[in-house]
Amino acid sequence: MAKKITDKVTWVGKVDWELTTFHGDELSTHRGSSYNAYLVRDEKVALIDTVWKPYDREFVENLKKEIDLKDIDYIIMNHNEIDHSGSLVELMREIPDVPIYCTAKGEAIIRGHYHQDWNFVNVKTGDTLSLGETTLTFIEATMLHWPDTMFTYLSGENILFSNDGFGQHFASHSLFDDDVDLCEVMYEAEKYYANILNPFSMMAKKKVNDILAMNLPINLVCPSHGVIWRKNIPLIIEKYLAWADAYQTDQVTIVYDTMWQSTRLLAQAIADGISAVSPSTTVKLLNAAHDDKNDILTQMFRSKAVLVGSPTVNNGFTYAIAGILEMAKGLKFKKKKAAAFGSYGWSGEAPKLIAEHLQKAGFELVGEGFRTLWVPDGQALAQATEYGKEFASSL
Ligand code: FEO
């Protein structure tokens, strides 16, 4: 159902309460998501973005209840990943000649996805499109997080349509940040940043600063996922600047996997050592085989240091740890310290191999790591605690 945002702007998106994973299985979405599309009605009418393909009929039918499709003058595509462009085919079947405003890269992506020769109008930063009393200004936001991405600013209503930027996978019946649980939304915004935008932090920092330098009045930030920022715009801007700047807090995250509990016991003993030296440091233990991978990565994102542990299995480490290490490498975390640990029965390579992976992923290694043979006894656990103390002291 469409929802009015201002006199001229109506939300015409789709709330997806059932979404549990996104990007295939790459990203968990425990709180669902939404695909936000917006209709701007002035003397001219513009539709900003569409919704994910499985909901294309529903989107078009709902849009028809809101407006005669023939009254849409322009379609603005801020970003053309399928969750936003997926309804274009269904929509353009009804209004095939309406111009689609997007970046040149956006046109290439739409053509590559849908193989249609629609009426494209390429735009660049600073280009404008008058709708009457209001004007759309386009702001390229390359690699936030795709090459085609742009933001669109609506003067008159003072709204920044930021697409994935400032988004959260968060299903909500309410449209605005001040109508929902802010802790939940901020966690989802951070998880979104850590798991999707972090590799592009340099561009994110520059883009946020560019927009601040433009001194635009901004009453609303309307992303393409989750709630609209109304009350907490300064907060999300402040967070983005922090997240984009090698973010860390006083936290150490211990990620481990365990076959017969020995590596888990080491993780706990190491945690005790860290807390003994640094009681104010938040220490979190996460089992890579049981805990959600994207929540683990979010905890790593907010940490100043991580410890990764695995038993040695078949001269290597476990499947769950391999997945986390591979994902962490892609997310390009910066300025975080790390070490590896684990139990073993005979060959014992896991800590060394994990350390190599951590280094390749950009972590700064601290020391040689820690390993213990067979099931740790009281002495081995005491050594693990001592190791935790040394690790904490080195941070
Ligand atoms: Fe929400 Fe990059 O698509």
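Residues numbered from 1 in each chain as written. Predicted model: local features only at pLDDT ≥ 70, side-chain atom pairs only at ≥ 80, totals over all residues. Heavy atoms only, no water.

S.K.: Even after reading the chapter, I still don't get the side chain of K336, so can you show me in this structure?
M.R.: In this fold, K336 is placed in the loop between helix 10 (319–331) and strand 20 (337–344). At 2.8 Å, the side chain of K336 forms a polar contact with the backbone oxygen of S303. Not counting residues up to four positions away in its chain, the partners in contact with K336 are Y247, Q248, M300, F301, R302, S303, K304, F363 and E364. (Helix = DSSP H or I, 4+ residues; strand = E, 2+ residues; numbered from the N terminus. Polar contact = N/O pair within 3.5 Å; in protein donor to acceptor, adjacent residues only side chain to side chain. Contact = heavy atoms within 4.5 Å.)

S.K.: What's the story with the pairing of strand 18 (residues 282–287) in this structure? I'm lost.
M.R.: Where strand 17 (residues 251–256) lies against strand 18, six bridges are found, and the strand directions are parallel. Its bridge partner lying in strand 18, T253 is registered against K284. For the crossover that starts at strand 17, traverses helix 8 (residues 262–277) and ends in the parallel strand 18, the hand is right-handed. (Pairing = 2+ DSSP bridges. Right-handed = clockwise from strand over helix to strand, strands pointing away.)

S.K.: What am I meant to see in the sheet that holds strand 12 (residues 128–130) here?
M.R.: Sheet strands associate in pairs through backbone hydrogen bonding, adopting either a parallel or an antiparallel arrangement. Strand order in the open sheet formed by five strands is 12-13-14-15-16, with mixed pairing between adjacent strands. For this open sheet the edge positions go to strand 12 and strand 16 (220–223), each flanked by a neighbour on one side alone. Geometrically, the sheet is characterised by an average inter-axis angle of 20° between neighbouring strands, direction not taken into account. Looking at chain direction, strand 12 and strand 13 (residues 135–140) are connected through three bridges and run antiparallel. Bridge pairing in strand 13 links S130 to T135. (Axes fitted to C-alpha atoms, helices over the stretch in contact; angles between N-to-C directions.)

S.K.: Could you clarify how one ought to interpret helix 9 (residues 293–301) in this entry?
M.R.: Helical periodicity: at 3.6 residues per turn, an α-helix aligns residues three or four positions apart in one direction. Burial analysis of helix 9 places eight of its nine residues in the buried class, the great majority of the element. Two to three positions downstream of the cap, the backbone nitrogen of N294 sits 2.9 Å from a side-chain oxygen, assigning the N-cap of helix 9 to D292. (Buried < 20%, exposed > 50% of the residue type's maximum accessible area, 1.4 Å probe, protein only.)

S.K.: When you look at the domain arrangement of the chain in this model, what are you seeing that I'm missing?
M.R.: How big an interface is tends to be stated in terms of accessible area lost as the parts join. Taken as a whole, the chain is organised into domain 1 (3–243) and domain 2 (253–394). Each of domain 1 and domain 2 has a C-alpha centre, and the two are 39 Å apart. Contact with domain 1, which involves 14 residues of that partner, is made by 14 residues of domain 2. Buried area between domain 1 and domain 2, both sides added, is near 1,200 Å², and the carbon and sulfur share of it is 46%. At the boundary of domain 1 with domain 2, the tally comes to two salt bridges. Between R302 and E190 there is a salt bridge, with its nearest N and O atoms 2.7 Å apart. (Domains from an automatic or database assignment. Buried area = accessible area lost by both parts, 1.4 Å probe. Salt bridge = Lys/Arg side-chain N within 4 Å of Asp/Glu carboxyl O.)

S.K.: Can you walk me through the environment of Q379 in this structure?
M.R.: Within the element layout of this structure, Q379 appears in helix 12 (residues 378–393). Take Q379: its relative accessible area is 56%, and that puts it in the exposed class. When the C-alpha atoms of Q379 and D181 are compared, they prove to be 46 Å apart, with 198 residues separating the residues in sequence.

S.K.: I would appreciate a short explanation of the sheet that holds strand 11 (residues 120–122) in the present structure.
M.R.: Pairing is mixed in the open sheet, where seven strands are placed in the order 1-2-7-8-9-10-11. Because the sheet does not close on itself, it has two edges, and the strands there are strand 1 (3–4) and strand 11. The pairing of strand 8 (residues 45–48) with strand 9 (residues 74–76) spans three bridges and is classified as parallel. Paired with A46 across the bridge in strand 9 is Y74. Here helix 1 (residues 56–66) sits on the sheet in contact with strand 2 (9–11), strand 7 (38–41) and strand 8, set at roughly 25° to strand 7.

S.K.: Honestly, the environment of L47 in this entry has me stumped. Any pointers?
M.R.: With respect to the helices, strands and loops of the structure, L47 is situated in strand 8. For the pair L47 and I76, spaced 29 residues apart in sequence, the C-alpha to C-alpha distance is 6.0 Å.

S.K.: Explanation requested: the nonpolar core in the structure shown.
M.R.: One broad trend across soluble globular proteins is that nonpolar side chains are buried collectively. Counting 87 residues, the largest nonpolar core has L63, I72, I75, I100 and M300 as its most contacted members. Sorting elements by how many residues they give to this core places helix 5 (residues 182–197) first, with eight residues. Viewed by domain, this core spans two of them, domain 1 (3–243) and domain 2 (253–394), each represented by three or more residues. The residues touching M300, leaving out its near neighbours within four places in the chain, are T253, V255, V306, I324, A328, F333, K336 and F363. (Core = buried A, V, L, I, M, F, W, Y, C linked by side-chain atoms within 4.5 Å.)

S.K.: Hey, could you run me through the packing of aromatic side chains in this one?
M.R.: For any two aromatic rings, the description comes down to two numbers: the centre-to-centre distance and the angle of the planes. Counting across every chain of the model gives 18 aromatic pairs. Here the aromatic rings of Y74 and Y101 are separated by 5.4 Å at their centres, their planes lie at 85°, and the arrangement is edge-to-face. With Y74 in strand 9 and Y101 in strand 10 (residues 100–102), the pair connects residues that are 27 residues apart, well separated along the chain. Using a relative accessible area of 12% as the deciding quantity, one classes Y101 as buried. Centre to centre, the rings of Y387 and F391 are 6.4 Å apart; their planes meet at 35°, and the pair counts as tilted. One end of the pair is Y387 and the other is F391, both in helix 12 and four residues apart, which spans about a single turn. Take Y387 and F391: they sit in the same class, and that class is buried. Site record: aromatic cluster; members linked through ring pairs are F166, Y193, Y240, W243, Y247, F301, F333 and F363. Seen from the ring of W11, K3 lies directly overhead, with NZ or CZ sitting 5.8 Å from the centre. A cation over a ring is seen here: R371 above Y344, with NZ or CZ 4.5 Å from the ring centre. (Phe/Tyr/Trp six-rings, centres within 6.5 Å; stacked < 30°, edge-to-face > 60°. Lys NZ or Arg CZ within 6 Å of the ring centre and 35° of its normal.)

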